[in-house]
Amino acid sequence: MTNYRDKGFQTRAVRAGQRRTGEQEQSEPIFPTSSFVFDNPEQAAARFAGEEPGNIYSRFTNPTVALFEERLAALEGAEAGVGTASGMAAILSLMMSLLEAGDHVVCARQVFGTTATLFNKYLARFGIVTDFVDLTDLDAWGAAIRPETRMLFLESPSNPLTEVADIRALAELARAHDCRLVVDNCFCTPALQRPLELGADLVVHSATKYLDGQGRCVGGAVVGDAATMAEVRGFLRTAGPSMSPFNAWVFAKGLETLGLRMEAHSRHARAVAQWLDDQPGVEQVHYPGLPEHPQHALAGRQQSAYGGIVSFRVAGGEAAAWRLLEGLEWLSLTANLGDAKTTITHPATTTHGRLSAEQRREAGIDAGLIRMAVGLESVSDILDDLGRGLERL
Ligand SMILES: *Cc1c(COP(=O)(O)O)cnc(C)c1O
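Residues numbered from 1 in each chain as written. Predicted model: local features only at pLDDT ≥ 70, side-chain atom pairs only at ≥ 80, totals over all residues. Heavy atoms only, no water.

### Some words on the overall build of the protein chain
- Check the secondary structure of the protein chain and you find 15 helices and 12 strands.
- For the protein chain, the C-alpha radius of gyration of 22 Å lies close to 21 Å, the compact-globule estimate for 393 residues.
- Each principal axis of the C-alpha distribution contributes one length, and for the protein chain these read about 75 × 50 × 35 Å.
- Counting across all 393 residues of the protein chain, residues that qualify as buried make up 54%.
- Of the contacts made within the protein chain by residues no fewer than 6 positions apart, 72% connect residues no fewer than 24 positions apart.
- When the accessible area of the protein chain is evaluated, it comes to approximately 16800 Å², of which 51% is carbon and sulfur surface. (Helix = DSSP H or I, 4+ residues; strand = E, 2+ residues; numbered from the N terminus. Rg over C-alpha atoms; globule rule 2.2 N^0.38 Å. Buried < 20%, exposed > 50% of the residue type's maximum accessible area, 1.4 Å probe, protein only. Contact = heavy atoms within 4.5 Å. Areas by Shrake-Rupley, 256 points an atom, 1.4 Å probe, with all protein chains shown as cover.)

Quick look at the structure:
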């Protein structure tokens, strides 16, 4: 079998992880089977004892899930990967594999809300303490680290304000304190940013977003060193939040076009951000590709493009934001992101609606803020529909 690991990104995206069956199929097959048969009792015993590699049961491993895992690991530059039932299952599985009672985590305040809930509500019950710090404040990260700190956790760029963390500097900080840096690489994907190359130890994904890229199914993944991945697989085998073979097939095929899609999402988002910047009624645009973005230069160094997420603040708060959304004809009013179809949402009353007004103010989620995940439709049509909404202001 050809080793695609030393080939270009796009070749890895299309070819890595494929193992043809005797039928010599061109496209990768799906293996919708819960279990696997053994040639004889010796083989069954050797498989269960871990003395012989091979499949036993699809809660542990499945050939289609393995295809996705190998392809994603090849793109992130990781030794190995583990597919999971959702992005949250990936984060939970990693935490359960690496942490124990008494451990301390430092997490960016700007992470996905459900990730914060996982730390605050559930892991806290098992004696894992988390402190939250500003993503962009290196001194705050340093000051929050204690002797019991085992992990630093972040997303970059953040949702919905697209703040950018200095991954290389935080990786050095983690190394100096003998803890691991985990990056949720959902917004950039390995097509635009490879945290492991910047020094991070582990990467988690919500495959639901750009890895699929067409809004079809829910899944997740963890990638990193082989020893940690064996621990994560051990947790998956025991607790069961495993990826389905059908979803794995969708994600593996999604990876084939990931680089092309992320390039187009970035190009479209940049055009939308520049256009919004010139519109009366729009008070502020958040996009790392704009020169006035506070981490524009950093984003340019650590990402190969600026990604598909743009947010902006309209004058007039919630009433104005809702009027704009009501004025749209066809842009999809949904909180999901990473889809070929442009999605648009009002964070203060949806994704960040469970925060108190005080917490929203601290997080910079203004009532007039709107977040877009710019899709692959013709840019002129996206601007046309946005303009229809802006006319309502
Ligand atoms: C959506 C999302 C998650 C959770 O993923 P699911 O697949 O919905 O479980 C985690 N992190 C980020 C940044 C996300 O956008």
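Okay, back to it.
### Observations concerning the site of the ligand
- Near the ligand the following residues occur: Ser86, Gly87, Met88, Phe112, Glu155, Asp184, Cys186, Ser206, Thr208, Lys209 and Gly219.
- Between an oxygen atom of the ligand and a side-chain N or O atom of serine 206, the distance comes to 2.8 Å.
- Within the side chain of threonine 208, one N or O atom sits 2.6 Å away from an oxygen atom of the ligand.
- Residue classes in the shell around the ligand are distributed as three nonpolar, five polar and three charged. (Near = heavy atom within 4 Å. Polar contact = N/O pair within 3.5 Å; in protein donor to acceptor, adjacent residues only side chain to side chain. Nonpolar A, V, L, I, M, F, W, Y, C, P; charged D, E, K, R; others polar.)

### Details of the nonpolar core
- Of all hydrophobic cores here, the largest spans 44 residues; its most connected members are Trp141, Leu152, Phe153, Leu154 and Leu181.
- Beyond its immediate sequence surroundings of up to four residues, tryptophan 141 is in contact with Val106, Cys107, Ala108, Val133, Asp134, Leu135, Leu152, Phe153, Leu154, Leu170 and Leu173.
- With 34 residues, the next largest nonpolar core counts Ala73, Val223, Met262 and Ile309 among its residues. (Core = buried A, V, L, I, M, F, W, Y, C linked by side-chain atoms within 4.5 Å.)

### With respect to the packing of aromatic side chains
- All chains considered together, the criterion is met by six aromatic pairs.
- Each ring, one from tyrosine 57 and one from phenylalanine 60, has its centre 5.8 Å from the other, and the planes form 70°; the classification is edge-to-face.
- Take tyrosine 57: its relative accessible area is 35%, and that puts it in the partly exposed class.
- Plain terms: the ring middles of phenylalanine 119 and phenylalanine 153 are 5.8 Å apart, the flat faces sit at 75° to each other, and that makes the pair edge-to-face. Note that phenylalanine 119 is positioned in helix H5 (residues 113-122) and phenylalanine 153 in strand E4 (residues 149-155), a separation of 34 residues in sequence. Accessibility assignment for this pair places phenylalanine 119 and phenylalanine 153 in one class, buried. (Phe/Tyr/Trp six-rings, centres within 6.5 Å; stacked < 30°, edge-to-face > 60°.)

### Side note on the pattern of salt bridges
- Using the criterion set out here, one finds 21 salt bridges in the structure.
- A salt bridge links arginine 71 to glutamate 256, with the nearest nitrogen and oxygen atoms 3.1 Å apart. Of this pair, arginine 71 sits in helix H3 (residues 63-76) while glutamate 256 sits in helix H10 (residues 245-256), and the two are 185 residues apart along the sequence.
- The exposure class of glutamate 256 is buried, given its relative accessible area of 18%.
- Each of Glu28, Arg71, Lys253 and Glu256 takes part in a single network of salt bridges with overlapping partners. (Salt bridge = Lys/Arg side-chain N within 4 Å of Asp/Glu carboxyl O.)

### Points about the sheet that holds strand E3 (residues 129-133)
- Spatially, the seven strands line up as an open sheet ordered E1-E7-E6-E5-E4-E2-E3, and their pairing is mixed. Each end of this open sheet is capped by a strand with a single partner; those strands are strand E1 (80-84) and E3. Here the average twist between neighbouring strands, direction ignored, is 20°.
- Strands E1, strand E6 (202-206) and strand E7 (220-224) of the sheet are contacted by H3, whose axis makes an angle of about 130° with E1.
- Relative to E1, helix H9 (residues 226-239) is tilted by about 20°, and along the sheet it contacts E1, strand E5 (180-184), E6 and E7. (Pairing = 2+ DSSP bridges. Axes fitted to C-alpha atoms, helices over the stretch in contact; angles between N-to-C directions.)

### Examining the packing of helix H4 (residues 87-98) against H9
- Running from N to C, H4 and H9 cross one another at 110°; their axes reach a closest spacing of 9 Å. Overall, the two elements H4 and H9 adopt an arrangement that is roughly perpendicular. Side by side, H4 and H9 meet where Ser93, Leu94, Met96, Ser97 and Leu98 of the first sit next to Thr228, Glu231, Val232, Phe235 and Leu236 of the second.
- Each residue belonging to the contact of H4 with H9 can be placed in one class, and the counts come to six nonpolar, three polar and one charged. (Parallel < 35°, antiparallel > 145°, perpendicular 65-115°, else oblique.)

### Focus on helix H7 (residues 167-176)
- Along H7, the residues classified as buried are Ile167, Leu170, Ala171, Leu173 and Ala174. Looking down the long axis of H7, one finds its buried residues gathered within 160° of arc, a one-sided arrangement. Turned more than 90 degrees from where H7 packs its buried face, Glu172, Arg175 and Ala176 sit exposed.
- Contacts made by the buried residues of H7 are with helix H6 (138-144), E4, E5 and helix H12 (296-302).
- Just beyond H7, the residue with positive phi is aspartate 178, at close to 60°. (Arc of directions from axis to C-beta.)

### Quick word on the packing of helix H11 (residues 258-277) against helix H15 (residues 379-390)
- As a packed pair, H11 and H15 sit with axes 10 Å apart at the nearest point and diverge in direction by 35°. Once H11 is placed against H15, the crossing between them reads as right-handed. In contact with His268, Ala271, Val272, Trp275 and Leu276 of H11, H15 contributes Val379, Ile382, Leu383, Leu386, Gly387 and Leu390. (Left-handed = near helix turned anticlockwise from the far one by under 90°.)

### Regarding the pairing of E7
- With respect to burial, E7 is a largely interior element, five of its five residues being buried.
- Side chains Gly220, Val222 and Gly224 of E7 all project onto a buried face; the interleaved residues Ala221 and Val223 project onto the opposite face, where all are buried too.
- Here E1 pairs with E7 via five bridges, running antiparallel. By the bridge assignment for E7, glycine 81 is matched with valine 223.
- Sheet analysis places E6 next to E7, joined by four bridges and oriented antiparallel.

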